[in-house]
Structure formats: C-alpha cells, structure tokens
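# Geometric and topological summary
Okay, here's what each chain looks like letter by letter:
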Amino acid sequence: MPELPEVEVSRQGLLPHLPGQTIVGAVVRTPRLRHEIPLGLHSRLSGLSVDGIARRGKYLLLDCASSRGGGWLLIHLGMSGSLRLVSPDTPAQKHDHFDLLFSRTVLRLRDPRRFGALLWHEGTDIEAHPALAALGIEPLSDAFSGDWLHAATRGRRMPVKPLLMDNRLVVGIGNIYAAESLFHAGISPLRASNRISRRRYGVLADSIRATLKAAIAAGGSSVRDYVHSDGGAGCFQLSCAVYDRAGAPCPICARPVRVIRQAGRSTFYCRVCQR
C-alpha cells in the first residue's frame, strides 16, 4: 500500500513537469474508485493552471486554486494505485482509470484494486476538505516530536504499532515503516502506548523521521504495484531490518525475526532487541 514515502516520491517526481502547465482536459474511464468520481471533471479542470503540488498524509494535492473557478484535485493511491507520466499517444491499459491531459504529457492513474480516490475541492481552503480535516500530525513536520508522542498517548493502552498506523494520530507511517521504526528504536510493537517513557518516545520520533527520510531517498517501497511517475520501482524494502524477514537472523543479535498478527496486519520484530 502506498504510504507517505511513496506519495512524497510521486510528488517529487511530478514537480519538474506539472507546475506552470495548463490542463487541457481529463478522461475518466470508471464512474468510481473508493468513492464516486466527481461528475464533469473534464469541464471543471480544462483551462486551469497547476500552481503547485502538495502532500497531506497520503493525499497528493494539485493546486489549481489561483485560476478563475479553480480549486484542488485530491488524489489518493489507495492500496494499489500509481501515477505515471506518459505521452499523449500511449494507449490506456485495463486498470488505467483516469488521465489528466496536458499539451505534451498525460498524468495517468492506474489502480488495479480501485481503492484509490479522485476528489475535487473548489476554492483555496484545502484543509477544510472532509478527507483532510480529520488527519493527524505530519511525522516529518517540526511539530512532531517525542514530547508530542508522549502527550498524545497518555491513557492509550493499545499496542504502540497499531497506534502509529492510525492516521487520525500520525499520518502515513504504514506497516513497513512502523515495524522498521520500532526496531531501530528498540521498542516492542506489543508494548502498550501509555507504558513508554518520554525519553523512549524521543528515540522513536527520531527513528520514525529517519526511517521515512531513508525510504523517500530510496524511492519508497515497491512490494506489489507501486511504481514512480517514470515507471521505476522503489527499493527501500530491500534494506529492511525486520519487515518481511520472519525467521531470518536479526541484524543485531542474530536471533530469528518473529512475525505475529496485530490489527489484521503482519508485525515483524526481534523479541530480544525490542522491549
């Protein structure tokens, strides 16, 4: 599932190509993904200028708000989505559900499982959109810290790993990055969130930030469907210490990496190095 690093890599890959360009149209090939696709996107988007590309959590935000009648196009990649820049004469394939048309290129959304989303927000106040209003803190922001995590988890008895994956608390960490961050911080994914000290949360906040930055530098993780806007794949998953390494030796103590189920997801960890 594309998480914060994959969406950020997509944003960075599109930045040299789309800002300053004028949209000439849109092609919608399916009526809905996770939600119904807004009607009349072709007429709404035609003639708008892309002023910039932002990210909020796992949403990619195309800023067209400065144009008359403009707003923001919100794109969520869901579980299997990816964005590609292709030439206008490239034939659409089975799972290519949406094209944003420019004079010399096409931004194409591919989503085999159709769990992604295309949303339109008219006006300038994008943070007011219901899809963004309930999102938690950005883990790469200055506001995110060990002190913030410690304060936010008082009274929360649930295990720390599922809590880190709750987008109402912290956005975009996801399964791979939660497992790797907890390993490098030496914290067990089973530990209750309110039983972690302020000092250890400081270590964890630094670990989360470092893990996400390393993933972005590696182009994200391409476990299944995710690819870059140029068709390349991410490689962070190749350097994981514990994720998807059940039975392999821990890189610190050489004991076998364990796997359990938490909140319906596989959790990989070392029971010796993580307490």
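Conventions we followed
- Residues numbered from 1 in each chain as written.
- Predicted model: local features only at pLDDT ≥ 70, side-chain atom pairs only at ≥ 80, totals over all residues.
- Heavy atoms only, no water.
- Buried < 20%, exposed > 50% of the residue type's maximum accessible area, 1.4 Å probe, protein only.
- Helix = DSSP H or I, 4+ residues; strand = E, 2+ residues; numbered from the N terminus.
- Contact = heavy atoms within 4.5 Å.
- Pairing = 2+ DSSP bridges.
- Polar contact = N/O pair within 3.5 Å; in protein donor to acceptor, adjacent residues only side chain to side chain.
- Axes fitted to C-alpha atoms, helices over the stretch in contact; angles between N-to-C directions.
- Core = buried A, V, L, I, M, F, W, Y, C linked by side-chain atoms within 4.5 Å.
- Disulfide = S-S within 2.5 Å.

Turning our eyes to something else, we now look at helix H1 (residues 4–14). Burial of H1 is extensive: nine of the eleven residues sit out of reach of the surface. What H1 keeps buried is the set Leu4, Pro5, Glu6, Val7, Glu8, Val9, Ser10, Arg11 and Leu14. In this structure, the buried residues of H1 make contact with strand S2 (52–56), strand S3 (59–63), strand S5 (82–86), strand S7 (106–110), helix H6 (174–185) and helix H7 (198–217).

This paragraph deals with the pairing of strand S10 (residues 265–269). Regular strands place side chains that alternate from one sheet face to the opposite one. Relative to S10, strand S9 (residues 258–262) runs antiparallel, the two being bridged by five bridges. Of the residues in S10, the one forming a bridge with Gln262 is Arg265. Linking S9 to S10, which pair antiparallel, is a turn of two residues; within it Ala263 sits at a positive phi near 50°.

In this section: the side chain of Thr105. Here Thr105 shows up in the loop between strand S6 (96–101) and S7. Within polar-contact distance, the side chain of Thr105 engages the backbone oxygen of Val86 at 3.3 Å.

As a further point, take the sheet that holds S7. By definition, the strands of a sheet pair up through backbone hydrogen bonds, in either a parallel or an antiparallel sense. Ordered in space as S1-S6-S7-S5, the four strands form an open sheet in which the pairing is antiparallel. Of all strands in the sheet, those bounded by a partner on one side alone are strand S1 (25–28) and S5. For this sheet, the mean angle separating the axes of adjacent strands, direction not counted, is 20°. Relative to S6, S1 runs antiparallel, the two sharing four bridges. Paired with Val28 across the strands is Phe98, a residue of S6.

Right, let's get into the nonpolar core. Core analysis: the biggest nonpolar cluster contains 32 residues, and Leu149, Val160, Leu164, Leu204 and Ile208 have the highest contact counts within it. For this core, the elements supplying multiple residues, two or more each, are helix H5 (160–164), H6 and H7. If we ignore the near neighbours within four places in the chain, the residues touching Leu149 are Phe144, Leu164, Val170, Tyr201, Leu204, Ala205 and Ile208. Residues Leu18, Leu33, Ile53 and Cys64 belong to the second largest nonpolar core, which totals 27 residues.

Quick look at the state of the cysteines now. Here the structure, examined in full by the defined rule, presents zero disulfides. In this structure Cys253 is a free cysteine whose sulfur lies 3.5 Å from that of Cys270, the closest cysteine sulfur available. Summary of cysteine pairing: Cys273 is not part of a disulfide, and the nearest cysteine sulfur, belonging to Cys253, is at 3.7 Å.

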